[in-house]
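Given next are the chains, with one letter for each unit.
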Amino acid sequence: MAWTEERIEKLRKLWDDGLSASQIAKELGENVTRNAVIGKAHRLGLKSRPSPVKKDAKKKAPAKPAVKKSPPKEKKIISGKVSLLELTDRMCKWPIGHPGDDDFHFCGKSSEAGMPYCAGHCAEAYQAQPQRKSAAPQAPRIIR
DNA sequence: CCCTGATTCGC
DNA sequence: GCGAATCAGG
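Numbers given to residues run from 1 along each chain, matching the order in which its sequence is written. Both sets of labels track the order of writing: A upward for chains, 1 upward for ligands. For a predicted model such as this one, the threshold for reporting local features is a pLDDT of at least 70, and the threshold for listing and counting side-chain atom pairs is 80 or more; totals across whole chains, interfaces and linings nevertheless cover every residue. For side-chain calculations, the full set of non-hydrogen atoms in the structure is used, while hydrogens and water are omitted.

Looking up chain A in an unreviewed UniProt entry gives the name GcrA family cell cycle regulator, with the organism given as Temperatibacter marinus.

With that settled, the discussion passes to the side chain of Lys40. Strands here mean DSSP runs of E at least two residues long; helices mean DSSP runs of H or I at least four residues long; both are numbered from the N terminus. Looking at where Lys40 falls in the secondary structure, it is placed in helix α3 (residues 34-43). Relative accessible area decides the class of each residue, using a 1.4 Å probe on protein chains only: under 20% of the type maximum gives buried, over 50% gives exposed, and in between gives partly exposed. Lys and Arg are tallied as positive, Asp and Glu as negative. Neither His nor the chain termini are counted. Only one rule defines a salt bridge in this text: a Lys or Arg side-chain nitrogen within 4 Å of an Asp or Glu carboxyl oxygen. For the buried residue Lys40, which engages in no salt bridge, the nearest side chain bearing the opposite charge is Glu5, 8.5 Å off. If we skip the residues at most four places from it in the chain, Lys40 touches Trp3, Ile8 and Leu11. The contact definition used throughout considers only heavy atoms, calling two residues in contact when any of these lie within 4.5 Å.

Here Ala25 shows up in helix α2 (residues 21-28). Residues Ala25 and Val37, spaced twelve residues apart in sequence, show a C-alpha to C-alpha distance of 6.1 Å. Ignoring anything within four residues of it in the chain, the contact list for Ala25 reads Val32, Thr33, Arg34 and Val37.

For soluble globular proteins, nonpolar side chains are generally found buried alongside one another. To form a nonpolar core, buried Ala, Val, Leu, Ile, Met, Phe, Trp, Tyr and Cys residues must be joined to one another through side-chain atoms within 4.5 Å. Listed in full, the eleven residues of the largest apolar core are Leu11, Leu14, Trp15, Ala21, Ile24, Ala25, Leu28, Val32, Val37, Ala41 and Leu46. Those elements giving two or more residues to this core turn out to be α1 (5-16), α2 and α3. Considering every element that reaches this core, the biggest residue donor is α2, with four residues. When residues no more than four places from it in sequence are discounted, the contact partners of Leu28 are Trp3, Arg7, Lys10 and Val37. If you look at the next biggest cluster of nonpolar residues, it comprises five residues, including Cys92, Trp94, Ile96 and Cys107.

To continue, consider α3. Within α3, burial applies to Val37, Lys40 and Ala41. Within α3, the buried residues cover an arc of 100° as seen down the axis, which keeps them to one side. Opposite the packed face of α3, turned more than 90 degrees from it, sit the exposed residues Asn35, His42 and Arg43. Buried positions along α3 lie against α1 and α2. Note that the arc is computed from the directions linking the helix axis to the C-beta atoms.

A few words now on the environment of Lys40. Since its relative accessible area comes to 14%, Lys40 is described here as buried. Taking C-alpha positions, Lys40 is 8.7 Å from Trp3, a pair spaced 37 residues apart along the chain.

To continue, consider the pattern of salt bridges. Scanning the entire structure with this criterion turns up one salt bridge. For the salt bridge of Lys13 with Asp17, the shortest nitrogen-to-oxygen distance reads 2.7 Å. You can call Lys13 partly exposed: its relative accessible area is 49%.

Turning to α2, its buried residues are Ala21, Ile24, Ala25 and Leu28. Considered in projection along α2, the buried side chains sweep an arc of 100° and stay on one side of the axis. Buried residues along α2 sit against α1 and α3. A positive phi of about 155° marks Gly29, the residue just after α2.

For the pair α1 and α2, interaxial distance at closest approach is 10 Å and the crossing angle is 145°. Seen from above, α1 lies across α2 with right-handed handedness. Within the contact between the two elements, α1 uses Arg7, Lys10, Leu11, Leu14 and Trp15 and α2 uses Ala21, Ile24, Glu27 and Leu28. Counted by class, the contact of α1 with α2 contains six nonpolar, no polar and three charged residues. For helices, the fitted axis covers only the stretch in contact; all axes are lines through C-alpha atoms, and the angles between them, taken along N-to-C directions, range from 0 to 180 degrees. Working rule for handedness: look at the near helix, and if it is turned counterclockwise from the far one by less than a right angle, call the crossing left-handed; if clockwise, right-handed. Classification convention: Asp, Glu, Lys, Arg as charged; Ala, Val, Leu, Ile, Met, Phe, Trp, Tyr, Cys, Pro as nonpolar; all other residues, Gly among them, as polar.

Dropping the structure here:
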């Protein structure tokens, strides 16, 4: 399929109309892929315009050379009640309660490197279930 | 997993 | 010149 004047024209219009490449491709015909559109567009020198994907290397790294505040907030987490949003790495991700419940939260104790759970819950999580002959899976033990 | 454009490279 | 494959990100 050659790029006729008409097609190029349409491509140009649709492109700066802000339509996505895939959308343009669909508009132009079934046998045109978005890759074709993008390729042609690029070749035509059409601008990259608002590409959703930004590879911005962050402007102005504040650069924090001096003035360090020492370790100000090294909080030691020993107990939990951590909401999902507050969950970070190194926190025990053991769920407590039922999702959706008012007080659904996570254990939140500190976990060792690479471990999703704290020591205690790790033990529980990785406990081998010995007699597993029945096909019926055991219902997960409900905490609390 | 859906999408976006960018780039590469064999044709 | 073309565009599928791949990439890099949302």
